Amino acid sequence: FMSNRTQAQANACRTNLRMINDAIERFRFEESIAPANIAALVVPPTAPTPFLRNAPTCPGFGTVAGVAYGINAGTGDAECLTPGAAAAAANPHTP
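Residues numbered from 1 in each chain as written. Predicted model: local features only at pLDDT ≥ 70, side-chain atom pairs only at ≥ 80, totals over all residues. Heavy atoms only, no water.

Chemist: In this structure, what is going on with the pattern of salt bridges? I would like to understand it.
Modeler: If the charged atoms of two oppositely charged side chains come close together, the side chains can form a pair. Enumeration over the complete set of coordinates arrives at one salt bridge. Residue R28 pairs with E25 through a salt bridge whose shortest N-O separation is 2.7 Å. Of this pair, R28 and E25 both sit in helix α1 (residues 4-31), three residues apart, which is roughly one turn of the helix. A residue is classified by how much of its surface remains accessible, and E25, at 44% relative accessible area, is partly exposed. (Salt bridge = Lys/Arg side-chain N within 4 Å of Asp/Glu carboxyl O. Helix = DSSP H or I, 4+ residues; strand = E, 2+ residues; numbered from the N terminus. Buried < 20%, exposed > 50% of the residue type's maximum accessible area, 1.4 Å probe, protein only.)

Rendered as structure tokens:
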């Protein structure tokens, strides 16, 4: 099983993904289009307030080229861009 720290980081990553997906849905509703990237959720084109206060960072694995999360072009959902964190968040029971 995962260590307590790794489990907590995976839980935080899943929480970040849910928060980003909620912001994506609000963006789609208010802007009538899908956001191009996470930055569009922080600085929206027409909304008076941001959908996210800031771009979340991966709790345990950092970033890839300064970005921890992105928007999957196929599904339109948030995805983790850091290799180790994506696997841990997808399967929390991996040793």
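Chemist: For this particular structure, what's the right way to read unusual backbone geometry?
Modeler: What you tend to see is this: most non-glycine residues have negative phi, and most peptide bonds are trans. Although it is not a glycine, S32 sits at a positive phi angle of roughly 65 degrees. Relative to the elements of secondary structure, S32 occurs in the loop between α1 and α2 (38-42).

Chemist: So what exactly am I meant to see when it comes to α1 here?
Modeler: Between the first and last C-alpha of α1 there are 40 Å, a value that for 28 residues agrees with the 40 Å anticipated at 1.5 Å per step. Inspection of α1 places Q9, A10, C13, R14, N16, L17, I20, A23, I24, F27 and E31 among the buried residues, and these make up the whole buried set. (Expected span 1.5 Å × (residues − 1).)

Chemist: Got a minute to help me understand the nonpolar core in this structure?
Modeler: In globular proteins that are soluble, nonpolar side chains generally tend to be buried together. Of all hydrophobic cores here, the largest spans 18 residues; its most connected members are I20, I24, I38, L41, F51, L52 and Y69. When residues in this core are grouped by element, the largest group, six residues, is from α1. Those residues in contact with Y69 that sit more than four places away from it in its chain are C13, N16, L17, I20, I38, P56, T57, C58, P59, E79, C80 and L81. (Core = buried A, V, L, I, M, F, W, Y, C linked by side-chain atoms within 4.5 Å. Contact = heavy atoms within 4.5 Å.)

Chemist: Sorry, what's going on with the environment of D22 here?
Modeler: Relative to the helices and strands, D22 resides in helix α1. For D22, a relative accessible area of 47% translates into the label partly exposed. Once the C-alpha coordinates of D22 and A78 are considered, the two residues, 56 residues apart in sequence, prove to be 9.5 Å apart.

Chemist: Got a minute to help me understand the side chain of E31 in this structure?
Modeler: Considering the arrangement of structural elements, one finds E31 in helix α1. Other than its neighbours up to four places away in sequence, E31 contacts P44, P45, T46, A47 and F51.

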